[in-house]
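Summary of structural features
Now for the letters of each chain:
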Amino acid sequence: MIYLGDQIVALNEYSKEAICWLGVKLKGRLTSSNKSGYSCGYSTCYPCNNSNIRSGVEQNFRDLFTDSIIKELIEAKPKRLFEINSDLQANFVAAGGTVAGFNKNAKKLFVSSGFTTWFSKDETVSEKWNYRLARLLDKHTCTYCNREYIFVYRNTAGGKGMVPQFDHWFAKTDFPLLGISFYNLIPSCATCNTIKSSTDLNLTDHLHPYVDSNISNTYNFSYLPISDNENRIIFKNRSLFNRKGIDTVNALNLSLIYKGHSGKELQDLIDLRYKYSDNYLNILLEDTFGYLDISKEERYRMIFGVELEEDNHHKRIFSKFKSDIINELLSIDN
């Protein structure tokens, strides 16, 4: 998994429209006949001037949302999002509703109208928000697996382009209220989004790419020899006192996702270490480019096509995997 950082610029751009869209969908536009409607006060705001209230949502559900709650639902960090979801659900039930009714209303507004339509398919704007947010985040590989590129390319001739999928860290099946919350939208590849699906993650037991800045140091890629010609990719926890790294790997089923690479990328690196002259990996890294004034990071990038620095792992696929395996192979004596 890759740490995404705070992404303040992307958050600010996204929240300017998302808050207004949500406010109007809940309260309607502020007009002379709807004095309780929503408006940000800017005449150029597209959602405030073009969106309409979402029909089919119960009034007792709408009544839960103050302007401050609307803003927090878009901008709050994951811990606070979980609290808001719990508090609003409890308030809805206390007023005579049910948990099922709360989630039904939330799904209509935040998933069906929000994530599925406004975020992913709004044809009334020049660039849909899934493209805009992916471009603003500027991450090149899947946040979860780092083994597939998630470039953003618009099809200028019309039709579909290339854009990452956005997984909901708090699954939208169980937390529909968080369907368009910024810090709950994780850019990912189709494989990870499908395999993770509605997996139940929590902040106590699992890493969050917007919360845990030390993700890369919580677990390591390693390998297990099965036979003379067969090895398997495995994962090792880095701390006896903190299982969040390995528990997250298991929850995301990264062992399955990486299974097919044992006989290819892993075996290629092992072959470089054992099938050639003593410690051929070291020769490649130290001697082949020894006469050039280039950094260790540049050597790894030129030879193996990976980024060593954690902040740059997202730029090239397999960066953490290959870095971990190469360092393990280099540490083995003949």
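Going by the structure above, here's the rest.
Here is a short report on the structure shown in this document. (Residues numbered from 1 in each chain as written. Predicted model: local features only at pLDDT ≥ 70, side-chain atom pairs only at ≥ 80, totals over all residues. Heavy atoms only, no water.)

**Some points on the overall build of the chain**
Quick reminder of the rule: Secondary structure elements follow DSSP: runs of H or I of four or more residues count as helices, runs of E of two or more count as strands, with numbering from the N terminus. Burial classification: accessible surface area is computed with a 1.4 Å probe over protein chains only, and a residue below 20% of its type maximum counts as buried, one above 50% as exposed, and the rest as partly exposed. Throughout, a residue-residue contact means that at least one pair of heavy atoms, one from each residue, lies within 4.5 Å. The accessible surface values rely on the Shrake-Rupley method and a 1.4 Å probe; as for residues, cover is taken only from the protein chains in view.
For the chain, the count of helices and strands is 14 helices and four strands. Here the C-alpha coordinates of the chain stretch approximately 80 × 45 × 30 Å along the principal axes. In the chain, which comprises 334 residues, the proportion classed as buried is 49%. When contacts within the chain are restricted to residue pairs at least 6 apart in sequence, those whose partners lie at least 24 apart make up 65%. When the accessible surface of the chain is split by element, carbon and sulfur atoms take 48% of a total near 16,400 Å².

**Things to note about the pairing of strand β4 (residues 230-237)**
Counted only if it meets this: We call two strands paired when DSSP finds no fewer than two bridges between them.
Examined bridge by bridge, strand β3 (residues 219-227) and β4 share eight bridges and lie antiparallel to one another. Pairing of Ser227 across the sheet is with Glu230, part of β4. The antiparallel pairing of β3 with β4 creates a hairpin that spans two residues between the two strands.

**Thoughts on the state of the cysteines**
Put simply, the rule is: Put simply, a disulfide is two cysteine sulfurs that come within 2.5 Å.
Across all of its chains, the model carries zero disulfides by this definition. With no disulfide of its own, Cys48 has Cys45 as its nearest cysteine by sulfur position, at a separation of 3.6 Å. Using a relative accessible area of 7% as the deciding quantity, one classes Cys48 as buried. Cys192 supplies the cysteine sulfur nearest to Cys145, a cysteine that is in no disulfide, at a spacing of 3.7 Å. Taking the relative accessible area as the measure of exposure, Cys145 reaches 3% and is therefore buried.

**Examining the packing of helix α1 (residues 8-27) against helix α7 (residues 129-137)**
Spelled out, the test is: Only the stretch in contact is used when a helix axis is fitted, and all axes are lines through C-alpha atoms; the angle between N-to-C directions ranges over 0 to 180 degrees. Should an angle lie under 35 degrees it is considered roughly parallel, over 145 roughly antiparallel, and from 65 to 115 roughly perpendicular; all remaining angles are considered oblique. For this classification, the nonpolar set comprises Ala, Val, Leu, Ile, Met, Phe, Trp, Tyr, Cys and Pro, the charged set comprises Asp, Glu, Lys and Arg, and every other residue, Gly included, is treated as polar.
Taken N-terminus to C-terminus, the directions of α1 and α7 make an angle of 160°; their axes are 9 Å apart at the nearest point. Relative to α7, the element α1 is oriented roughly antiparallel. Contacts between α1 and α7 involve Ala10, Glu13, Tyr14 and Glu17 from the former and Trp129, Arg132, Leu133, Leu136 and Leu137 from the latter. In the contact of α1 with α7, the residues fall into six nonpolar, no polar and three charged.

**Looking at the side chain of His314**
Structurally, His314 can be placed in the loop between α13 (296-304) and α14 (319-330). The residues touching His314, leaving out its near neighbours within four places in the chain, are Ile2, Asp138, Lys139, His140, Thr141 and Asn146.

**Considering the nonpolar core**
Using the following cut-off: Grouping buried Ala, Val, Leu, Ile, Met, Phe, Trp, Tyr and Cys residues that are joined through side-chain atoms within 4.5 Å yields what is termed a nonpolar core.
In terms of nonpolar packing, the biggest core is built from 88 residues, with Tyr14, Phe61, Phe65, Phe110 and Leu177 touching the most fellow members. At 10 residues, the largest contribution of residues to this core is made by α1.

**Overview of the environment of Gly305**
Residue placement: Gly305 occurs in the loop between α13 and α14. In the structure, Gly305 is positioned 11 residues away from Arg316 in sequence and 7.1 Å away in space, judged by C-alpha atoms. Those residues in contact with Gly305 that lie beyond four places of it in its chain are Tyr300, Arg316 and Ile317.

**A word on the pairing of strand β2 (residues 185-188)**
Going residue by residue along β2, you find Leu185 and Pro187 tucked away on one face and Ile186 and Ser188 tucked away on the opposite face as well. Sheet topology note: the strand β1 (residues 165-168)/β2 ladder contains four bridges and is antiparallel. Bridging across to β2, Phe166 finds its partner in Pro187.

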